Amino acid sequence: MTNKIWFWLKNSRLFSLPMTLLSWLVIFIYAFDGNKLNGIIALIGISFAHLATNLFDDYTDYKNLDENCQQCKCAYIKEGKAELRDVLNVVIIYLTVAFICGVYLLWKCGVPVAALAITGGVITLCYSKFSLKGLSETAVGIAFGPLLFEGVYFVMKDEFSAVVFVMSLAVVMFTIGLMYVHTVLDYEGDLSAHKKTLACRSGSKSNAINGVYFVYFLGYFFTAIFAVMTKNYYVFLTFLLIPLVFDLHKSLKTFRCGEESKEFYYRLLKARNLMVFYCIILCCVIAFK
């Protein structure tokens, strides 16, 4: 049973979950004097919705793949380790857990939670369709930005906040950075699946790689605004991570389609680590101000 659970967690891209956990931790610390139990229940629901989104993306992608894609894309299905119906069943389990958490928070916090949960559910189930229409980055930006931050803040503090909104835009750009790097690495596979991600719409893989700079520029732009709004100038310590952006860009330039999975994940983890370090610094400067 343990091996089976690990199999599904791994193929649900458990490695990407830190972007949910750390995004949540930033707003949880910011609203620490609020209802902590509600904040933890929200984390559980958001995490399972995140895993469902990843796995359901595989479910829809697999039907459109050809041989010109990364070796690791839907590899567990290609190799016969799982069938499509198995993938769908696990997605349903994930969404059931998220739904139960949503019902609890609706009972405790009221109608606004329903609107937040419905929006999150639509994004989860329609993410692949958003990708086909070139809206994947927008979907991620909403789900892991204002929706997550304002949602957690509301269930903990029973109000919304303009400062939290700006904070969410800062943090979510680093989340989008991880997702954007994933689409750059999946450039050929996404083209074959007729996706219209920002990377695919950039005109060339070279342009897509250079787009990394723009994504992280926006992240630091909103970070600066947040620092000024809160008068917490220790937030500028996150700027010490800028050299990692240049290192990430350089590593993407050396990646070639069809390389081994370890080369794919080596670069993807660089983007994940950048997001992790950013959130850790932000959590520290918020907590110890």
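Up top you'll find the structure we're talking about.
Quick caveat, the model's predicted, so the values are computed rather than measured.

All right, on to a nonpolar patch on the surface then. A cluster of nonpolar side chains, Phe214, Phe217, Phe221, Ile225 and Met229, forms an exposed patch at the surface whose accessible area comes to about 500 Å². For Ile225, the location among the structural elements is in helix α11 (residues 205-230).

Taken as a whole, the second largest pocket holds about 240 Å³ of empty space. Lining the second largest pocket are 16 residues, with Glu137, Met173, Ile176, Leu198 and Leu218 positioned closest to its centre. Listed by contribution, the elements that provide at least two residues to the lining of the second largest pocket are α7 (136-157), α8 (162-185) and α11. Counted by class, the lining of the second largest pocket contains 12 nonpolar, three polar and one charged residues.

A few words now on the environment of Ser136. Within the secondary structure, Ser136 is located in helix α7. Considering only alpha carbons, one finds Ser136 and Leu198, 62 residues apart in sequence, at a separation of 8.2 Å.

Okay, the pattern of salt bridges next. If charged atoms from side chains of opposite charge come close, those side chains can pair. Under the defined criterion, the tally for this structure stands at two salt bridges. Salt-bridge contacts for Lys157 lead to Asp33; the nearest nitrogen and oxygen are separated by 2.9 Å. With Lys157 in helix α7 and Asp33 in the loop between α2 (18-30) and α3 (36-62), this residue pair connects regions lying 124 residues apart in the sequence.

Turning next to the packing of aromatic side chains. For the structure on display, the rule yields 16 aromatic pairs. Each ring, one from Tyr220 and one from Phe239, has its centre 4.6 Å from the other, and the planes form 55°; the classification is tilted. With Tyr220 in helix α11 and Phe239 in the loop between α11 and α12 (242-253), the pair connects residues that are 19 residues apart, well separated along the chain. Ring geometry for Phe221 against Phe222: centres 5.4 Å apart, planes inclined by 70°, an arrangement best described as edge-to-face. Put simply, the rings of Phe174, Tyr216, Tyr220, Tyr233, Phe236, Phe239 and Tyr278 pair up and form one aromatic cluster. Just above the ring of Phe32 sits the side chain of Lys36; from NZ or CZ to the centre is 4.4 Å.

Relative to the elements of secondary structure, Thr183 occurs in helix α8. A distance of 2.6 Å separates the side chain of Thr183 from the backbone oxygen of Tyr180, its partner in a polar contact. Apart from residues lying up to four places away in sequence, Thr183 is in contact with Glu137, Asp190, Thr197 and Ala199.

Cut-off values and rules
Residues numbered from 1 in each chain as written. Predicted model: local features only at pLDDT ≥ 70, side-chain atom pairs only at ≥ 80, totals over all residues. Heavy atoms only, no water. Patch = residues over 30% accessible without salt bridge, like charges linked within 9 Å, V, L, I, M, F, W, Y side chains within 5 Å. Areas by Shrake-Rupley, 256 points an atom, 1.4 Å probe, with all protein chains shown as cover. Salt bridge = Lys/Arg side-chain N within 4 Å of Asp/Glu carboxyl O. Helix = DSSP H or I, 4+ residues; strand = E, 2+ residues; numbered from the N terminus. 1 Å grid on protein atoms, 1.4 Å probe; cavity = no way out; pocket = protein on both sides within 12 Å on 5 of 7 lines; lining within 4 Å. Points joined across faces, edges and corners; volume = space filled by probe spheres on them. Nonpolar A, V, L, I, M, F, W, Y, C, P; charged D, E, K, R; others polar. Phe/Tyr/Trp six-rings, centres within 6.5 Å; stacked < 30°, edge-to-face > 60°. Lys NZ or Arg CZ within 6 Å of the ring centre and 35° of its normal. Polar contact = N/O pair within 3.5 Å; in protein donor to acceptor, adjacent residues only side chain to side chain. Contact = heavy atoms within 4.5 Å.

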